[in-house]
Amino acid sequence: YSNFIDDLRVYVRGGTGGMGYPNLGGEGGRGGDVWFVARERTTLKSIRDKYPQKRFVAGTGANSSVKALKGEKGKDCEVHVPLGISVLDDDGKQIGELNAAGERFLAARGGLGGSLATNFLPCKGQRRTVHLDLKLIADVGLVGFPNAGKSSLLSKISHAKPEIANYAFTTIQPELGKIMYADYKQISVADLPGLIEGAHANKGMGHKFLKHVERTKQLLFVVDISGFQLSIKTQFRTAFETILLLTKELELYKEELVTKPALLAINKMDLPCAKDNLDELMTQLENPQDFLHLLEEEMIPANTLEFREVIPISTYTGEGIEELKTCLRKSIDEQAEQVNEEYRKKKLLLLQTSK
């Protein structure tokens, strides 16, 4: 993953409370808290570089005194983290998440100050080790086997400049790009490292890829019309088999991924025989059940995907690129309208029940 970090283990400790004042019944200040605060343009790499010790400790509460019987609270420690962070404890259990700028999560609470209840002795703050697990947030996630042309497509439809080459694993870290439209609407697109068969079992980039698909609103399958073969030791797969295998990998990792709205971009239409291959593929997609026998039984997904749009493209000649951008815009807008409509219905239902 080179310089891209999507998991960081950090130590957090709330501040110790201040001493109480037994003679006058004074109460020490509570220790400061450690907060994670979501902020744009922040990365886990910048946190690691700025705080190599990866330790975050809040301030100690002030002692009670004759001048101030109630001691002041210790200084809070705020750690700025990127959007899309899940906070996990050491057992891997999720204890919080931060998806929007400004959201806050209390990572470690400060200890109580000394008082009559504690025999005027302060309490230590909460301490623990947590994992900051990043899952990219994007409108569209590009899904495809290596060398399907995802990086080339991202460079064509956005201002991103991913590495492009004619070998399988060009993309070794996620790339984010934005499609800009004439009316200033922007759609974010994530090009994610290529899946391979067995990714759900953490083969290849496995979970490092698949977890980033979770927070994308829609999926764009990018498939090579001429088929795919990772190496001479692996089996050749047609475009139709590739689609089924990609669906199966998503399904085995997390079933909900297959329920996301999906579009299909059939790439490399500039190649010879591409038109014949496309006709064959469209026939197979219209009646997928008739062609499932082409794959081994354990590789057949429980549910075949229904694509909102199927767009033949060529990242080499530019064929179909504008149509693809239009289809993505339409699909995202329709989904947003659907979400708004569901929200309105819920609000209306709440109003009716409250009456």
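Numbers given to residues run from 1 along each chain, matching the order in which its sequence is written. This being a predicted model, a pLDDT of at least 70 is required before a residue's local features are given, and a value of 80 or more before pairs of side-chain atoms are given or counted; all residues contribute to the totals for chains, interfaces and linings. Excluding hydrogens and water, the side-chain values take into account all heavy atoms of the structure.

Looking up the chain in an unreviewed UniProt entry gives the name GTP-binding protein 10, with the organism given as Thryothorus ludovicianus. UniProt positions are given in the numbering used here, feature names are shortened, and annotations may be inferred rather than shown by experiment. In its Sequence similarities (unreviewed entry) section, the UniProt entry covering the chain states "Belongs to the TRAFAC class OBG-HflX-like GTPase superfamily. OBG GTPase family."

What follows concerns the domain arrangement of the chain. Domain limits in this description derive from either an automatic procedure or a database domain assignment. Each domain of the chain was delimited in the assignment, giving domain 1 (7-134) and domain 2 (138-339). Between the C-alpha centres of domain 1 and domain 2 the distance comes to 43 Å.

Counting 58 residues, the largest nonpolar core has Val34, Phe36, Leu132 and Phe221 as its most contacted members. Structurally, this core is a two-domain feature, drawing no fewer than three residues from each of domain 1 (7-134) and domain 2 (138-339). By definition, residues are in contact when any of their heavy atoms lie within 4.5 Å. Contacts of Phe36, omitting those with residues within four sequence positions, involve Val10, Val12, Val79, Val81, Val87, Leu98, Glu103, Arg104, Phe105, Ala107, Val130 and Leu132. In this structure, Ile179, Val222, Ile321 and Ile332 belong to the second largest nonpolar core, which totals 21 residues. Residues grouped as a nonpolar core are buried Ala, Val, Leu, Ile, Met, Phe, Trp, Tyr and Cys residues, joined through side-chain atoms within 4.5 Å. Each residue gets one of three labels from its accessible area relative to the maximum for its type: buried under 20%, exposed over 50%, partly exposed in between, using a 1.4 Å probe on protein chains only.

So, on to the sheet that holds strand E2 (residues 34-38). As summarised here, the arrangement of the three strands in space is E4-E2-E7, forming an open sheet in which the pairing is mixed. Taken across any chain shown, the strands that pair with only one partner, and hence form the sheet edges, are strand E4 (77-81) and strand E7 (104-108). Each strand of the sheet is rotated relative to its neighbour by a mean of 30°, with strand direction disregarded. When DSSP locates at least two bridges between a pair of strands, those strands are taken to pair. Only runs of H or I of at least four residues qualify as helices and only runs of E of at least two qualify as strands under DSSP, and these elements are numbered from the N terminus. Of the pairings in the sheet, the one linking E2 to E7 comprises four bridges and is antiparallel in character. Opposite Trp35, over in E7, you have Leu106 as the bridge partner. Only the stretch in contact is used when fitting a helix axis, every axis being a line fitted to C-alpha atoms; angles between N-to-C directions are given from 0 to 180 degrees.

Right, let's get into the packing of aromatic side chains. Note on aromatic pairs: the rings of Phe, Tyr and Trp (six-membered ring only in Trp) are paired at centre separations within 6.5 Å, and the planes decide the class, stacked below 30 degrees, edge-to-face beyond 60, tilted for the rest. The full count for this structure, using the stated rule, is five aromatic pairs. A ring pair is formed by Tyr51 and Phe56, whose centres lie 5.0 Å apart and whose planes are at 70°; its orientation type is edge-to-face. When the ring of Phe240 is compared with that of Phe291, the centres are 6.2 Å apart and the planes differ by 75°; the resulting orientation is edge-to-face. Of the two residues, Phe240 is situated in helix H4 (residues 239-253) and Phe291 in the loop between helix H5 (274-286) and strand E14 (310-312); the sequence distance between them amounts to 51 residues. Looking at Phe240, the relative accessible area reads 2%, which means it is buried. Charge-over-ring placement is defined geometrically: NZ (Lys) or CZ (Arg) within 6 Å of the ring centre, and within 35 degrees of the ring normal. Lying over the aromatic face of Tyr181, Arg329 brings its terminal NZ or CZ to 5.2 Å of the ring centre.

Taken together, the side chains of Leu24, Val66 and Leu69 make up a nonpolar region of the molecular surface, amounting to roughly 270 Å² of accessible area. As for its position among the elements, Leu69 is in the loop between strand E3 (55-57) and E4. By definition, no residue in a patch forms a salt bridge, and every one has over 30% relative accessible area; like charges are joined within 9 Å, nonpolar side chains (Val, Leu, Ile, Met, Phe, Trp, Tyr) within 5 Å. Only the protein chains shown count as cover for residues, with accessible areas throughout obtained via the Shrake-Rupley method and a probe of 1.4 Å. Just to be clear on terms, a salt bridge is a Lys or Arg side-chain nitrogen sitting within 4 Å of an Asp or Glu carboxyl oxygen.

What follows covers the packing of helix H2 (residues 150-157) against helix H6 (residues 321-354). Their axes nearest at 11 Å, the elements H2 and H6 cross at an angle of 80°. The pairing of H2 with H6 is recorded here as roughly perpendicular in orientation. In contact with Leu153, Lys156 and Ile157 of H2, H6 contributes Ile321, Leu324 and Lys325. Our angle categories are set so that under 35 degrees counts as roughly parallel, over 145 as roughly antiparallel, 65 to 115 as roughly perpendicular, and the remainder as oblique.

Read from one edge to the other, the open sheet built from five strands follows the order E3-E1-E8-E5-E6, with strand pairing classed as mixed. Either end of the sheet is taken by a strand with one partner, and the two such strands are E3 and strand E6 (94-98). Direction aside, neighbouring strands of the sheet carry axes that sit 25° apart on average.

The next thing to look at is unusual backbone geometry. Backbone geometry at Arg41 places phi at a positive 60°, although glycine is not the residue there. In this fold, Arg41 is placed in the loop between E2 and helix H1 (44-50). Unlike most non-glycine residues, Tyr184 shows phi in positive territory, near 70°. Its place among the elements puts Tyr184 in the loop between strand E10 (175-180) and strand E11 (186-191).

A few words now on the pattern of salt bridges. Under the definition given, this model contains 25 salt bridges. For the salt bridge of Arg30 with Asp33, the shortest nitrogen-to-oxygen distance reads 3.3 Å. Note on Asp33: relative accessible area 5%, which makes it buried. Here Asp133 ties to Lys211 by a salt bridge, and the two come within 2.5 Å at their closest N and O atoms. Taken together, the positions of Asp133 in strand E8 (residues 127-134) and Lys211 in helix H3 (residues 206-213) put the pair 78 residues apart, joining distant regions of the chain. Each of the two residues, Asp133 as well as Lys211, counts as buried. The network of salt bridges with shared partners includes Arg30, Asp33, Lys73 and Asp76.

Side chains Ile85 and Val87 of strand E5 (residues 85-88) all project onto a buried face; the interleaved residues Ser86 and Leu88 project onto the opposite face, where all are buried too. As paired elements, E5 and E8 share four bridges and run antiparallel to each other. Bridged to Leu88 within E8 is His131. The turn linking E5 back onto E6 is made up of five residues, and Gly92 within it adopts a positive phi angle of 85°.

Over its 15 residues, H4 extends 21 Å from the first C-alpha to the last, a length consistent with the 21 Å expected when each residue adds 1.5 Å. Among the 15 residues that make up H4, 13 are buried, leaving the element largely enclosed by the rest of the structure. Working rule for helices: expected span equals 1.5 Å times residues minus one.

The subject of this paragraph is the side chain of Asp191. Inspection of the secondary structure puts Asp191 in strand E11. This count recognises Lys and Arg as positive and Asp and Glu as negative, with His and chain-terminal groups excluded. It is Lys150 that comes nearest to the buried, bridge-free Asp191 among opposite-charge side chains, at 4.6 Å. Residues adjacent in sequence count toward polar contacts only when both atoms are side-chain atoms; beyond that, a polar contact is any pair of N or O atoms within 3.5 Å, and within protein one must be able to donate a hydrogen and the other to accept it. There is a polar contact of 3.0 Å between the side chain of Asp191 and the side chain of Ser151.

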